Amino acid sequence: MFNWEGVSEFVSVAETESFTTAGNRLGISTAQVSRQIGALESRLGIKLFYRTTRKVSITDTGQIYYNHCRQVLDGLAEAERAITDLHQTPKGRLNLTAPVTFGEKRIAPLVNEFVARYPELEVNLTLSNQMLDLVAECYDLAIRLGELEDSTMMAKRLSSRTHYVCASPDYLAAHGVPYALSELDQHNCLQGTLDYWRFEEKSKPRHIRVKGNLRCNSGWSLVDAALKGIGIVQLPDYYVQAELEAGRLVPVLDNYRAPDDGIWAIYPHNRHLSPKVRLLLEHLSEGLETTEDLMPKTIGETK
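These remarks concern the structure in this document.

## A few points about the packing of aromatic side chains
Taken as a whole and judged by the stated rule, the model has 7 aromatic pairs. Taken together, a centroid distance of 5.5 Å and an interplanar angle of 50 degrees make the contact between Phe10 and Phe49 tilted. Pair noted here: Phe10 is in helix H1 (residues 7-16) and Phe49 is in strand S1 (residues 49-51), with a separation of 39 residues, a long-range link. Exposure class is identical for Phe10 and Phe49. Each is buried. Joined through ring pairs, the aromatic side chains of Phe10, Phe19, Phe49 and Tyr65 make up one cluster.

## A few points about the side chain of Thr162
Counting through the fold element by element, Thr162 comes out in the loop between strand S6 (154-161) and strand S7 (163-167). Among all residues touching Thr162, those that are not within four sequence positions of it are Leu235, Pro236, Asp237, Arg257 and Asp260.

## What about helix H5 (residues 100-117)?
Between its first and last C-alpha, H5 extends 24 Å over 18 residues, near the 26 Å set by a 1.5 Å rise per residue. At Ile107, H5 shows its largest kink, close to 45 degrees, and the proline Pro109 lies no more than four residues downstream. Considered for burial, the residues of H5 that qualify are Thr101, Phe102, Gly103, Arg106, Ile107, Ala108, Leu110, Val111 and Phe114.

## Details of the sheet that holds strand S4 (residues 121-127)
In space, the 5 strands of this open sheet follow the order S4-S3-S5-S13-S6, with mixed pairing throughout. The sheet is open, and its two borders are formed by S4 and S6, each paired with just one other strand. Strand-to-strand, the axes of this sheet are offset by a mean angle of 20 degrees, without reference to chain direction. The sheet contact formed by strand S3 (residues 92-98) and strand S5 (residues 141-145) spans 2 bridges and is parallel. Directly across from Thr97, in S5, lies its bridge partner Ala142. Set on the sheet, H5 makes contact with S3, S4, S5 and strand S13 (261-267); between it and S4 the angle comes to about 175 degrees.

## Remarks on the sheet that holds strand S8 (residues 189-190)
One open sheet holds the 4 strands; their spatial order is S8-S11-S7-S12, and the pairing between them is mixed. Two strands bound the open sheet, and with one partner strand each, they are S8 and strand S12 (250-252). Pairing analysis gives 4 bridges linking S7 to strand S11 (residues 232-236), with the strands arranged antiparallel. Within S11, the position partnered with Tyr164 by the bridge is Leu235. Taken strand by strand, helix H7 (residues 219-227) contacts S8 and S11, and its axis lies near 145 degrees from that of S11. Along the sheet, helix H8 (residues 237-246) contacts S7, S11 and S12; its crossing angle with S11, the most-contacted strand, is approximately 120 degrees.

## Things to note about the packing of H5 against H8
Two numbers describe how H5 lies on H8: the axes approach to 10 Å, and their chain directions differ by 55 degrees. As summarised for this structure, H5 and H8 are arranged oblique, according to the angle between their axes. In contact with Thr101, Phe102, Lys105 and Arg106 of H5, H8 contributes Tyr238, Tyr239 and Gln241. Residue composition of the contact of H5 with H8, grouped by class: 3 nonpolar, 2 polar and 2 charged.

## What to know about the environment of Pro251
Its location among the elements puts Pro251 in strand S12. The partly exposed category is assigned to Pro251, whose relative accessible area is 34%. Separated by 83 residues in the primary sequence, Pro251 and Ser168 have C-alpha atoms spaced 8.9 Å apart. In contact with Pro251, not counting residues within four places along its chain, are Tyr164, Val165, Cys166 and Leu244.

What counts and what doesn't
- Residues numbered from 1 in each chain as written.
- Predicted model: local features only at pLDDT ≥ 70, side-chain atom pairs only at ≥ 80, totals over all residues.
- Heavy atoms only, no water.
- Phe/Tyr/Trp six-rings, centres within 6.5 Å; stacked < 30°, edge-to-face > 60°.
- Helix = DSSP H or I, 4+ residues; strand = E, 2+ residues; numbered from the N terminus.
- Buried < 20%, exposed > 50% of the residue type's maximum accessible area, 1.4 Å probe, protein only.
- Contact = heavy atoms within 4.5 Å.
- Expected span 1.5 Å × (residues − 1).
- Bend = angle between axes of the 7 residues up to and from the residue.
- Pairing = 2+ DSSP bridges.
- Axes fitted to C-alpha atoms, helices over the stretch in contact; angles between N-to-C directions.
- Parallel < 35°, antiparallel > 145°, perpendicular 65-115°, else oblique.
- Nonpolar A, V, L, I, M, F, W, Y, C, P; charged D, E, K, R; others polar.

Structure (structure tokens):
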């Protein structure tokens, strides 16, 4: 069993460079601090501090020992806070942001459930497609889709999203069903903000440039165009899920479907998440996974 005697006194002296100040911080006498440090040095067989009548400074060996002791004490404090949090009801203000469409369709309903469960919370949900600065604008959490940029933020993968290529039965009856990526040149491809679509062929990612007579930065407008038989569209599941289930849109090129994107929660780098943020992360993760289980799959596909 590890002997903890003298460790707190040692860390306090190392940080204050004073036996007297360390004693005041710990609520014990300077003499007791000195005795504990002396006993610790004897037990370790090393000198931890240089002492003069005017100054106390840590030795090189003492610095190494301090770095380890500080981590251990921080870990103990973290463990105590985590246990305390289990008995606390989330309250206060919680700020989060999410992309507009995904936020409306998936995140907002889950946040509403969370608020109903914890009415002492005051939640501010901002839906925006801009990459807001979490630290400067005081956000606790942000939802991001797809590949994450390098960042100093912490990230937790909550779920995933699937991109479907689909068209209406009337369009496919009139123009034929594409079975290879090269056949997209023969079709009217309804475009969003990008001029290429993402696929995977022989386990390798492929970006196929597409063309068509309609471009729009609204996914819902593209869904409407596809339903009207204007062309083929590639969109995330939350735009087309209901239409696929009802048969109003038909998936094509499923053999070339790209791997699912990540749905992420990012938050400022912090060793200890508050109870409200931690519980919200758990709630979002559970809710999004449940939603994902309901999404349509290719016939014969298992998850």
